Amino acid sequence: MNEKKLLAALEKDAYADRSMLASQLRCSVQEINAQIKKLEEQKVIVGYNAMVDWDKTNRDYITAMIELKISPIRGEGFDKVARRISKYPQVKSVNLMSGAYDILLSIEGRTLTEVALFVSQKLAPMDGVLSTATHFVLKKYKDKGISYDVSEEDMRGLYNI
Amino acid sequence: MNYDNLFSDKVKTIKPSGIRKFFDIAAEFDDVLSLSIGEPDFQTPWHIREAGIESLEHGRTKYTANSGMRELREQTCHYLHRRFGLDYSDDEILITVGGSEAIDLAIRTLVNPGDEVLVPEPSFVCYSPITVLAGGVPVPIVTKKEDDFKLTAAALKKAITPRTKLLILPYPNNPTGAVMTRRDLNAIAKVLKDTNIMVLSDEIYAELTYGSRHVSIANIDGMHERTIIINGFSKAFSMTGWRLGIAAAPRPVIKKMTLVHQYGIMSAPTTSQYAALEALKNGDSDIESMRQEYDSRRKLILSGLRDMGLSCFEPFGAFYIFPDISAFGLTSDEFCERLLREQRLAVVPGSAFGSSGEGFLRISYAYSVENIELALGRLRKFIGSL
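Treat the numbers as computed from the prediction; the structure is a model and nothing was measured. (Residues numbered from 1 in each chain as written. Chains lettered and ligands numbered in written order. Predicted model: local features only at pLDDT ≥ 70, side-chain atom pairs only at ≥ 80, totals over all residues. Heavy atoms only, no water.)

(A) Layout of the domain arrangement of chain A. Considered domain by domain, chain A is made up of domain 1 (3–41) and domain 2 (54–143). On a C-alpha basis, the centres of domain 1 of chain A and domain 2 of chain A stand 33 Å from each other. (Domains from an automatic or database assignment.)

Take a look at the structure:
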C-alpha cells in the first residue's frame, strides 16, 4: 500500500470512506484499518479535529496570532520555551519560524481582554521571551485546505444526456 | 403567423429528447436525488480558471484565428502525442465550440443527401439528428450487452452499403461505459481498409478509462488518413461550460471543416482558449486525480448494483454504468418514472439513447460518494418494492 497516498487522503478527509480508500489504494479495508492504526501508534497521525466555524454559533470567541522574539537557551535552543508555551490549552498552534521573529503561535480566548491578559501575564514575562506582537483574527477564510467562506455549489440540474 | 408551415421539413422530423417529461415530473418534488447528469461534478481546476481570468485582465477579448490560436493548436498536438501517441501537426487541428460543434462540422462537411452514416447504438443522442439536418440517412448499428456493447466487425460489415459515407465510433461510450481495445479496433480497421468510409471517432471521454489507456483508431495501421478525431476539454479537465472542443484530422479534411466553422462560428471563445492552453500545459495531474476519483466511485457503484442483484456489465470508460433492468417487467421509461415518483431518484432510461437501450438504465457516477451511497439505498428500496 502507498502510505503517502493514504496519509494525503486522510489529511484531506479523516472520515473518508474506508472502502473507497481501499479501492483507491488497491488493497482491502482490513489492510487500510491496520495501516491507520499503525500510523496512529507511530504518531505519524497525531490526531483528528472537527473544523468548527464558531462564527456561525453564538459562542464568544476570538483568535489571535502572536509573534514572539525569544533569546535561545544554550544547549536547548528554542525548544524549552516553545514546549512550555505549548502546555497552555488555550494555545492552539506553536511554530518555530524563520525570519524577523522566532515563534508564531495562535491562541483562542472568549474575549479580547482574556487574550490580552494571557499575553501580558503569561507570555511576556516568561523567561527568554524578548518581545511579543499580537494580531487579532477578524475573519477566517480558509484553514487546513477547507474554505470557511463561500463554497461552490453543484449548479448542475437534475437531468441531462 | 402560421407556425406550422414555418419550419423546414428536416427540422420537423427531429423529435425532442425522450427525457423531457422527466424534467416536469422532477419539478413536482423538492427532494429529488439525481444520478443522471452527463457532466463532471468537479469544478474546473483553479489554475485553469485563473488563466481565463488573466486573459480578460490582459484584454484578450478579440477573435482568434478561425481555427484557434496557433499556440493552442501546437499544444494540442503535443497533448495528443503525449497522452495518446497520436501525430498531428497544428494545421491538422481545429479548435471548436465544444466537441458538439466538431461533430456537427464533420458530418456537414462530409455528408451528401442520401449518404448513409453508421451510428452504433446505444450512444450519445446528437449523431442522428445532425445527420438528418445534413440530408444524410442515419443507420443505427445495435451493439449488445453480450459483446460488452462494443462495435463488432460482423455488425459493421452487415451495415455497410455502397451509400455508406461515415462511421461514428463513439468510444469510450456514453451511455454504456464501453471501450474498444486495440484488438477490437484492428478488426474494425480490417473491414474499413478497402472502402472509402471515413470514421468520426468521438473520443471526448478518452482520458476517462480504467484499467488500460484509451486507444484511438487513428493509431491503427492505415486508419490515420480516414479518421476524424473529436476530443475536447469538457470531460478531461471538467470544463463543460467553457465550450471548447478539438477536431484532429488529415489536412484536406480540417481545411474544409474550418471553412464551415469560419462561416458559422468565426472562432471558438477566446477566454476559453487561454484557459485551455493552461490546461494542456499544466493540467495532466488534474486529469489523473479526477480519473482516480471516478474509478473509485465506479467500483463502489458497480459492486453496489451487483449486490442488489442487478445484472451489470463492467464499464471501463466514461462515468456511466448501464445496468440491465429487463428482469423487472417494466420498460426502462416506466422504471425511471416510478423510481422518480416513488423514491425521488433521477436516472436516465436506456431507451433515450436509441431503441437498443431499452431494458437498461444509464446511471452517472459524476457525483460524490455520499450522494452515490444515498442513491444506491433508494434504488435498493425501489427494487425491493417491485
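(B) The arrangement of the state of the cysteines in detail. By the definition in use, this model includes 0 disulfides over all chains. Considering cysteine sulfurs only, C336 of chain B is the nearest to C312 of chain B, which forms no disulfide, with 14 Å between them. (Disulfide = S-S within 2.5 Å.)

(C) Representation of the domain arrangement of chain B in the model. Residue and element names in this part refer to chain B. Each assigned domain of chain B is listed with its residue range as follows: domain 1 (3–44 + 286–385) and domain 2 (61–283). Each of domain 1 and domain 2 has a C-alpha centre, and these two points are 24 Å apart. Across the contact, 36 residues belong to domain 1 and 37 residues belong to domain 2. Taken over both partners, the interface formed by domain 1 and domain 2 buries close to 3100 Å², and the fraction arising from carbon and sulfur atoms is 64%. Looking only at domain 1, the three residues that lose the most surface to domain 2 are I287, F313 and F353, adding up to 22% of its buried area. In this structure, the connection of domain 1 to domain 2 is made through 1 salt bridge. Note that D324 is salt-bridged to K145, the shortest N-O span being 3.0 Å. Looking at the side of domain 1 that touches domain 2 residue by residue, the classes come out as 18 nonpolar, 10 polar and 8 charged. (Contact = heavy atoms within 4.5 Å. Buried area = accessible area lost by both parts, 1.4 Å probe. Salt bridge = Lys/Arg side-chain N within 4 Å of Asp/Glu carboxyl O. Nonpolar A, V, L, I, M, F, W, Y, C, P; charged D, E, K, R; others polar.)

(D) Up close: the packing of helix α5 (residues 98–110) of chain B against helix α9 (residues 251–264) of chain B. All names here are of chain B. Where α5 contacts α9, the two axes come as close as 9 Å, and the packing angle between them is 115°. As far as their axial angle goes, α9 and α5 are roughly perpendicular. In this structure, α5 crosses over α9, and the sense of that crossing is right-handed. Contacts from E101, A102, L105, A106, R108 and T109 in α5 reach K256, M257, V260 and H261 in α9. Partitioning the contact of α5 with α9 into residue classes produces 5 nonpolar, 2 polar and 3 charged. (Axes fitted to C-alpha atoms, helices over the stretch in contact; angles between N-to-C directions. Helix = DSSP H or I, 4+ residues; strand = E, 2+ residues; numbered from the N terminus. Parallel < 35°, antiparallel > 145°, perpendicular 65-115°, else oblique. Left-handed = near helix turned anticlockwise from the far one by under 90°.)

(E) Region of interest: the packing of aromatic side chains. Summed over the entire model, instances satisfying the criterion amount to 19 aromatic pairs over all chains. Ring centres of Y88 of chain A and F118 of chain A lie 4.9 Å apart, and the angle between their planes is 85°; this geometry places the pair in the edge-to-face category. Here Y88 of chain A is found in the loop between α4 (79–86) and β2 (91–96), whereas its partner F118 of chain A is found in helix α5 (residues 112–123), with 30 residues between them in sequence. With centroids separated by 5.7 Å and ring planes inclined at 80°, the aromatic side chains of Y205 of chain B and Y320 of chain B adopt a geometry described as edge-to-face. One end of the pair, Y205 of chain B, is in the loop between β6 (198–202) and β7 (227–232); the other, Y320 of chain B, is in strand β9 (residues 320–321), and 115 residues separate them in sequence. Counting every residue linked through ring pairs, the aromatic cluster contains F42, Y205, Y294, F319 and Y320 of chain B. One cation-aromatic arrangement involves R59 of chain A over W54 of chain A; the distance from NZ or CZ to the ring centre is 4.1 Å. (Phe/Tyr/Trp six-rings, centres within 6.5 Å; stacked < 30°, edge-to-face > 60°. Lys NZ or Arg CZ within 6 Å of the ring centre and 35° of its normal.)

(F) Highlighting the sheet that holds strand β1 (residues 62–70) of chain A. All names here are of chain A. Reading across from one edge, β2-β3-β1-β4 is the order of the 4 strands in this open sheet, with antiparallel pairing throughout. A strand with exactly one partner marks an edge of an open sheet, and here the two such strands are β2 and β4 (129–136). Sheet twist, expressed as the mean angle between neighbouring strand axes with direction ignored, is 20°. For β1 and strand β3 (residues 103–109), the ladder comprises 7 bridges, and the chain directions are antiparallel. Residue pairing in the sheet places M65 in a bridge with S106 of β3. (Pairing = 2+ DSSP bridges.)

(G) View of a nonpolar patch on the surface. On the surface, a nonpolar cluster with roughly 650 Å² of combined accessible area is contributed by M1, Y3, L6, F7, V11 and L133 of chain B. Considering the arrangement of structural elements, one finds F7 of chain B in the segment before α1 (9–13). (Patch = residues over 30% accessible without salt bridge, like charges linked within 9 Å, V, L, I, M, F, W, Y side chains within 5 Å. Areas by Shrake-Rupley, 256 points an atom, 1.4 Å probe, with all protein chains shown as cover.)

(H) The arrangement of the sheet that holds strand β8 (residues 245–248) of chain B in detail. Residue and element names in this part refer to chain B. Taken together, 7 strands build an open sheet; the order of strands is β2-β8-β7-β6-β5-β3-β4 and the sheet is mixed. Each edge of the open sheet is held by one strand with a lone partner, namely β2 (93–96) and β4 (137–142). Within the sheet, the average angular offset between the axes of one strand and its neighbour, ignoring direction, is 20°. Relative to β6, strand β5 (residues 164–169) runs parallel, the two being bridged by 4 bridges. Along β6, the bridge assignment pairs L169 with S201. Sheet strands touched by α5: β2, β5, β6, β7 and β8. Its angle to β7, the strand with the most contacts, is close to 160°.

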